[in-house]
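Here is how the chains run, residue by residue.
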Amino acid sequence: MKVLGLMLLLASSLMASTEKDYAQLYADELINNFDNLLDQKLLLNDQESILTTELYAQLIAARTYIEAKEHQKERGYIEFNPQKFEKIKAKINHIAKDIKIEIDNNKERSSVIYPSVSSAGNLTGNTYPRGVWSLTYDDGPHASRTEMTVDNVYSSGIKATYFMLTRNAKSLPKVVDAVLDAGNELALHSYTHQNLGSSSRTERELNYEIITAKKDLENLTNRKIKLFRLPYGAGTRNSNLRQKIAGQNMVHVFWNIDTLDWKDKDPNSIVARSLKQMALTPKKSGIILFHDIHSQSVTASNMLVQRMLNDGLKFCTVSEVVSFLNNQEQNCL
Ligand SMILES: [Zn+2]
């Protein structure tokens, strides 16, 4: 009996690849496709944003799927099951259908940026002045990595915009101070990083993630928060969400360069992927997305910044660019 029990246990662990494992595998496949598509676009000089493709929506969906299973233990693909893999892929592709990315160049004609549910209230980087970039960090602060990015940014003589989670900021107030003391900009990325674009969210949850999150972060830092970024960028076309953000006097901030640093652990490929996307932007300008919670992001963002400074590119915080676009205020440019 004991032997049989052990054999059953072994058999079950062999079959135990989790949904999260398969989702990770799918995300790797999608990133590979993303990089291949990017190479094709570079070859053709096709400036249509790669972030409006179904492929990119699937990548975001894969991330929401993986992070919703945050506590599921990863076991690796011990016995690869093609049917199970196809099933998880189909689930993620279904989620992707609801992820509507608003980064359409043609829709963004507004030259004035202000809190609203229209394109004027959703900054994507595509209307940035030529050669100007904003470095943005999401999902922090992190106990050790955020300050590494602050040190790098400070010693490079630039400023970045940090989209923080109020939950993390409250537990690491000294890290928040370090970010602000170095002259960086503080922005909001919700209370706890839920997918607010999901149809299952209640009004109470949305209010907590946007309104309470803003109030608590402002009370913690004594700063007015003017910028908000939806977790995963999900829900930018949801007017209820956008109304809540605008109602709190915040502009929504998307991005036009996705480093994919949440999944890719190799700083070299992160930098290469970023530079290729940058080369394809209409005005060689925009908003770069990093996450200050991963070690590869600390390294990759510093490598990218050094490269960009060598190339004579300019960095401004998101709000500095907003003031420039609105009033031609030259506080950074
Ligand atoms: Zn995020």
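Residues numbered from 1 in each chain as written. Predicted model: local features only at pLDDT ≥ 70, side-chain atom pairs only at ≥ 80, totals over all residues.

Draft legend 1. Just the overall build of the protein, in detail. Per the secondary structure count, the protein includes twelve helices and nine strands. A globule of 333 residues ought to have a C-alpha radius of gyration of about 20 Å, and the protein, at 20 Å, matches this closely. With respect to the three principal axes, the spread of C-alpha positions in the protein is 80 × 50 × 40 Å. Per-residue burial for the protein yields a buried fraction of 46% across its 333 residues. The contacts of the protein with a sequence gap of at least 6 include a subset with a gap of at least 24, amounting to 80%. (Helix = DSSP H or I, 4+ residues; strand = E, 2+ residues; numbered from the N terminus. Rg over C-alpha atoms; globule rule 2.2 N^0.38 Å. Buried ≥ 20, exposed ≤ 12 C-beta atoms within 10 Å, placed from the backbone. Contact = placed C-beta atoms within 7 Å.)

Draft legend 2. Inspection of the domain arrangement of the protein at higher detail. Annotation of the protein at the domain level lists domain 1 (2-96) and domain 2 (105-327). Taking only C-alpha atoms, the centre of domain 1 and the centre of domain 2 are 26 Å apart. Between domain 1 and domain 2, the contact holds 14 residues from the first and 17 residues from the second. When residues of the side of domain 1 that touches domain 2 are traced back to their parent elements, those giving at least two are helix 2 (19-44) and helix 3 (54-68). No other element matches the seven residues that helix 2 contributes to the side of domain 1 that touches domain 2. Among the residues making up the side of domain 1 that touches domain 2, the classes are represented as eight nonpolar, three polar and three charged. (Domains from an automatic or database assignment. Nonpolar A, V, L, I, M, F, W, Y, C, P; charged D, E, K, R; others polar.)

Draft legend 3. Region of the structure containing the pairing of strand 2 (residues 132-138). Most of strand 2 is tucked away, with seven of its seven residues classed as buried. Both faces of strand 2 are covered, namely the face carrying Val132, Ser134, Thr136 and Asp138 and the face carrying Trp133, Leu135 and Tyr137. Where strand 2 and strand 9 (residues 314-315) come together, two bridges link them in parallel fashion. In the sheet register, Trp133 faces strand 9, and the bridge partner there is Phe315. (Pairing = 2+ DSSP bridges.)

Draft legend 4. Representation of the nonpolar core within the structure. Core analysis: the biggest nonpolar cluster contains 81 residues, and Ala62, Ala187 and Leu188 have the highest contact counts within it. Of all the elements, helix 3 adds the most residues to this core, at eight residues. In this structure, this core is formed jointly by two domains, domain 1 (2-96) and domain 2 (105-327), each of which donates at least three residues. Each residue touching Ala62, except ones within four places of it in the same chain, is listed here: Ala23, Tyr26, Ala27, Leu30 and Ile92. (Core = buried A, V, L, I, M, F, W, Y, C linked by C-beta atoms within 7 Å.)

Draft legend 5. Seen up close, the environment of Gln47. Here Gln47 shows up in the loop between helix 2 and helix 3. A residue is classified by how many C-beta atoms lie within 10 Å of it, and Gln47, with 12 of them, is exposed. Measuring from C-alpha to C-alpha, the distance between Gln47 and Ala279 comes to 9.0 Å, with 232 residues separating the pair along the chain. Not counting chain neighbours up to four residues away, the residues in contact with Gln47 comprise Leu280 and Pro282.

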